[in-house]
Amino acid sequence: MDIQQYIESGILEEYALGVLPAANRAEVERLVAAHPELQHELNAIISGLDTYAEAHALTPPPGMRERVLAGWQQAIRAEAPGTTQASATAEPPYVAPQPAAAPAPEPVVRPISSAPEPAIREEAPRRGFGWLMAASVALLLSMAGNYVLYNRWQNTETALFAAQNDQARFAATQQAAEKQLSSQGRELAVLRDVQFQSVTLAGTPAAPSAKARVLYNPATKAVYVDVHSLPAPPAGKQYQLWALDNGQPVDAGVLAASTAAGDSLQQMKNIVSAQAFAMTVENEGGSASPTLATMTVLGKLL
Amino acid sequence: MPPVPDAEDQLVQRLRDRDEAAMTLFYDRYSAALYGVIMRIVQKEEEAEDVLQEGMIKIWNSFASYDASKGRLFTWVMNVCRNLAIDRIRSRQYRVGTRTQPLEDSAAVREPASLTFRPEHIGLQEMTKKLSPDQQQVVDMLYFGGYTQSEVAEELDLPLGTVKTRARAAIKVLSKLIR
């Protein structure tokens, strides 16, 4: 046989690519086993294709691992009842304790119902003893089987519980992340909106290092406050934002503790018109008119 | 090229022993390569995930038919998944009704690689640079499109001998790139 011609026929490539019919596959395998040159050529083809495949490697997106493995497990569990019996008879690779113990009670149990009848007719004492033995063995096997099954069930229960816990944890984390994302999305929208005017509120002599910013949209009247740094208010006190319209202070609402700490933007009361904004320290819940002595920051619209 | 031969042997043994935990190892070890090739063929993340899962079920259920003496586990599992992915795009084409030309416009072989497909393996670009565009077209149709050489010849309207020469030359180039 002309080895070179066989190699050039392209049949080894088709074999490696898996597009050959079964009959031709067997033929290729026979020839390859007989001719080391062919074996060498085929190995080169296969590793060439494997290299090409590996070059395309792509890390699957996060979360896929859990989904795929869970889906796989569910699928093989669903198929298990039918296939375990078949495979148990076909070949013995899977000898888990359960299939070994579980089928055993059955064949032993069956004689119990059929045995007593002939036992009464002849040789009653000996048969009776045998019957008792069979029953005890059956009982023991069944107990052992039950024990194994009970253990399996317990393990499954534990695994399920752990999986449910994990899932709840992931769900909670995701929910939190989603919430944060949407609030940050809203903040970003405000920050990017050209209609908002930014008013820098600088610290007063009472708190020189204090700094905050008001974002004011004169068209929609919306007001947001963004704190850079404010001294922590005394216990029972809260920061309150005021809009100054023609020298008159207008209440714009109190700042949540997290806002005062600089965690995020906070939307305040809508303000119809203002030339400046200021913050004072007031009793919790806010005051009707500002306590000017506690004014912490102040800034004018440009 | 197999990172640690022992590790593959061990994995094979555990899968033969029906050790379910071994499938997690299997995923960690092969998912990137399998997912990359599947994505290259089906081009859609969701579908690729489906095919990968289906592939793992098939690998588990038919593991008895894997013969380690005939080749690496990698080659076998890659072929299982690659074939499932090819079946998937063919049935997709079938569904949209281009049955008369089932192989005609499989995205996987028409386009070199879609824009969204970014294999992280830096080797791919260098690798494809070593192939001529003609060679790459043929090897992509064979490997990702599931064409036979005669189908490629028909599809590209080339003599079968030319296709065979290109395929052989391309695969030879690839086999020399083994790191």
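Rules used in this analysis
- Residues numbered from 1 in each chain as written.
- Chains lettered and ligands numbered in written order.
- Predicted model: local features only at pLDDT ≥ 70, side-chain atom pairs only at ≥ 80, totals over all residues.
- Heavy atoms only, no water.
- UniProt positions renumbered as here; feature names shortened; annotations may be inferred.
- Core = buried A, V, L, I, M, F, W, Y, C linked by side-chain atoms within 4.5 Å.
- Buried < 20%, exposed > 50% of the residue type's maximum accessible area, 1.4 Å probe, protein only.
- Helix = DSSP H or I, 4+ residues; strand = E, 2+ residues; numbered from the N terminus.
- Contact = heavy atoms within 4.5 Å.
- Buried area = accessible area lost by both parts, 1.4 Å probe.
- Salt bridge = Lys/Arg side-chain N within 4 Å of Asp/Glu carboxyl O.
- Polar contact = N/O pair within 3.5 Å; in protein donor to acceptor, adjacent residues only side chain to side chain.
- Phe/Tyr/Trp six-rings, centres within 6.5 Å; stacked < 30°, edge-to-face > 60°.
- Lys NZ or Arg CZ within 6 Å of the ring centre and 35° of its normal.

- Looking at an unreviewed UniProt entry, one finds chain B named RNA polymerase sigma-70 factor, ECF subfamily and attributed to Hymenobacter psychrotolerans DSM 18569.
- In its Sequence similarities (unreviewed entry) section, the UniProt record describing chain B reads: "Belongs to the sigma-70 factor family. ECF subfamily."

- An unreviewed UniProt entry annotates chain A as Regulator of SigK originating from Hymenobacter psychrotolerans DSM 18569.

### What about the nonpolar core?
Right, so step 1: By size, the foremost hydrophobic cluster in this structure holds 79 residues, and its most contacted members are Leu12 of chain A together with Phe26, Met56 and Leu73 of chain B.
Right, so step 2: With 13 residues, helix α2 (residues 22–42) of chain B is the single largest residue contributor to this core.
Right, so step 3: Setting aside anything within four residues of it in sequence, one finds Phe26 of chain B in contact with Leu11, Leu15, Ser31, Leu34, Met56, Ile59 and Val77 of chain B.
Right, so step 4: Listed in part, the 25 residues of the second largest apolar core include Val214, Ala252, Phe277 and Met279 of chain A.

### Side note on the interface of chain A and chain B
Right, so step 1: Contact residues are listed per partner, giving 45 residues for chain A and 59 residues for chain B.
Right, so step 2: Among the residues chain A hides against chain B, the three largest losses belong to Tyr52, Leu58 and Trp72 of chain A. Together they make up 17% of the total.
Right, so step 3: In this structure, the connection of chain A to chain B is made through seven salt bridges.
Right, so step 4: As a salt-bridge pair, Arg67 of chain A and Glu49 of chain B come within 2.7 Å of each other at their nearest N and O atoms.
Right, so step 5: The tally of links between chain A and chain B comes to 15 residue pairs in polar contact (both at pLDDT 80 or more).
Right, so step 6: Of all elements in the fold, only α1 (3–8), α2 (11–17), α4 (36–55) and α5 (64–90) of chain A reach the threshold of two or more residues within the side of chain A that touches chain B.
Right, so step 7: The biggest single contributor to the side of chain A that touches chain B is α4 of chain A, with 13 residues.

### Overview of the packing of aromatic side chains
Right, so step 1: One pass over the full model with this rule turns up eleven aromatic pairs over all chains.
Right, so step 2: Ring centres of Tyr52 of chain A and Phe144 of chain B lie 5.8 Å apart, and the angle between their planes is 40°; this geometry places the pair in the tilted category. You can see Tyr52 of chain A sitting in helix α4 and its partner Phe144 of chain B sitting in the loop between α7 (133–143) and α8 (149–156), one on each of two chains. Neither Tyr52 of chain A nor Phe144 of chain B differs from the other in exposure class; each is buried.
Right, so step 3: With centroids separated by 5.2 Å and ring planes inclined at 40°, the aromatic side chains of Tyr66 of chain B and Trp76 of chain B adopt a geometry described as tilted. Of this pair, Tyr66 of chain B sits in the loop between α3 (45–61) and α4 (73–95) while Trp76 of chain B sits in helix α4, placing them ten residues apart in sequence.
Right, so step 4: Note on Tyr66 of chain B: relative accessible area 5%, which makes it buried.
Right, so step 5: Feature note: the residues Tyr52 of chain A together with Tyr143 and Phe144 of chain B constitute an aromatic cluster, connected by ring pairs.
Right, so step 6: Across from the ring centre of Tyr143 of chain B, 4.3 Å away, lies the NZ or CZ of Arg82 of chain B, which sits over that ring.

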